[in-house]
Amino acid sequence: MNNTIRKQGILFLFLITAGILFLAFSIDNKTNHGVEIIELNGDSYLSNDLYFKFAGLDNKDDYANLNLAIIKDRIEKHPYVERAFIKNDKNKVVIEIEEKDVDVVIYSNEQAYLITSKSELLPLLQYTENINFPVIKNPAVDKTGKLNIKNKDLITALKIIKAIQFADASMFEDLSEIDLRNGKDIVAYFSSLNYPVVLGRQNEIKKILYFNSFWSKVKDNNVNEMISYADLRYNKQLLIGKINSDTSNGNTQL
């Protein structure tokens, strides 16, 4: 008798559990037949239309075949999207996206990339907006011509940028480009300077920090107009090339 009651109790508990799981699965995967509008917020790098096109959400006739899980999965597959939060409000689905945090833009072998704060290498997609970040150009690559996040030249440029960022906020905001020149002498460009800053190779961090100690002087408009280049290739020296100098090379020490 006790065994029969026990078996009946176990069977009843199993049926209840199975029923709950079935209802949960059905609700979670229920097709949104009533969805008429999908709205996306949080876009900065690309327009809503481009995010929708990538995710296959640009045709309203297909909305009846979608559920919230599918919409979330498609949006989060976009290389610019860190995560997406989906809400269902009656006949409208609202997507809140968090875009990845980009640090720099890279140009290598006629290809353009972005690097995120998590050291992720992304393609720079057409029509991307609001990418006012420092640019890294011409890292030395192997025979395949392919760039990867472990590229030594690329790592060197990122270290230079980080050093400037921590040393002087105004200097970092002024930084426009690090040209790695395919393994040759590294050259930096700043938006307020009319001339290049030659770092050369080796001890690049020490050199850029040394240049920072002269920052308030070299960015002065009167001085700026007189300089053709700044050279940091020599140990603990800043050599300045003058415009219209009386000497042949115009080098002087600041």
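See the structure shown above.
Engineer: Describe in detail the layout of surface pockets, supporting the description with residues and values.
Structural biologist: One number sums up the size of the largest pocket: a volume of about 260 Å³. Asp-103, Thr-116, Ser-117, Leu-158 and Lys-162 are, among the 16 residues lining the largest pocket, the residues nearest its centre. At the level of secondary structure, the elements contributing two or more residues to the lining of the largest pocket comprise strand 4 (102-108), strand 5 (111-116) and helix 4 (152-167). Residue contributions to the lining of the largest pocket peak at 5 residues, all from helix 4. Among the residues forming the lining of the largest pocket, the class breakdown is 10 nonpolar, 4 polar and 2 charged. In this model, the second largest pocket occupies a volume close to 200 Å³. The wall of the second largest pocket is formed by Arg-201, Gln-202, Asn-203, Lys-206, Lys-207, Tyr-210, Leu-232, Arg-233, Tyr-234, Asn-235, Lys-236 and Gln-237. Residues of the lining of the second largest pocket, tallied by class, amount to 3 nonpolar, 4 polar and 5 charged.

Engineer: Which residues make up the pattern of salt bridges, and what values do they have?
Structural biologist: Under the definition given, this model contains 11 salt bridges. As a salt-bridge pair, Lys-162 and Asp-103 come within 3.9 Å of each other at their nearest N and O atoms. With Lys-162 in helix 4 and Asp-103 in strand 4, the pair connects residues that are 59 residues apart, well separated along the chain. Judged by relative accessible area, which is 38%, Lys-162 ranks as partly exposed. Classification of Asp-103 as partly exposed rests on a relative accessible area of 23%.

Engineer: Give me the lowdown on helix 6 (residues 204-212), citing residues and values where you can.
Structural biologist: Within helix 6, the full set of buried residues consists of Glu-204, Lys-207, Ile-208, Phe-211 and Asn-212. Projected down its long axis, helix 6 carries its buried residues within an arc of 145 degrees, all on one side. Those residues of helix 6 that are buried are in contact with helix 4, helix 5 (169-174), strand 9 (186-190), strand 10 (197-200), helix 7 (215-218) and strand 11 (227-231).

What counts and what doesn't
Residues numbered from 1 in each chain as written. Predicted model: local features only at pLDDT ≥ 70, side-chain atom pairs only at ≥ 80, totals over all residues. Heavy atoms only, no water. 1 Å grid on protein atoms, 1.4 Å probe; cavity = no way out; pocket = protein on both sides within 12 Å on 5 of 7 lines; lining within 4 Å. Points joined across faces, edges and corners; volume = space filled by probe spheres on them. Helix = DSSP H or I, 4+ residues; strand = E, 2+ residues; numbered from the N terminus. Nonpolar A, V, L, I, M, F, W, Y, C, P; charged D, E, K, R; others polar. Salt bridge = Lys/Arg side-chain N within 4 Å of Asp/Glu carboxyl O. Buried < 20%, exposed > 50% of the residue type's maximum accessible area, 1.4 Å probe, protein only. Arc of directions from axis to C-beta. Contact = heavy atoms within 4.5 Å.

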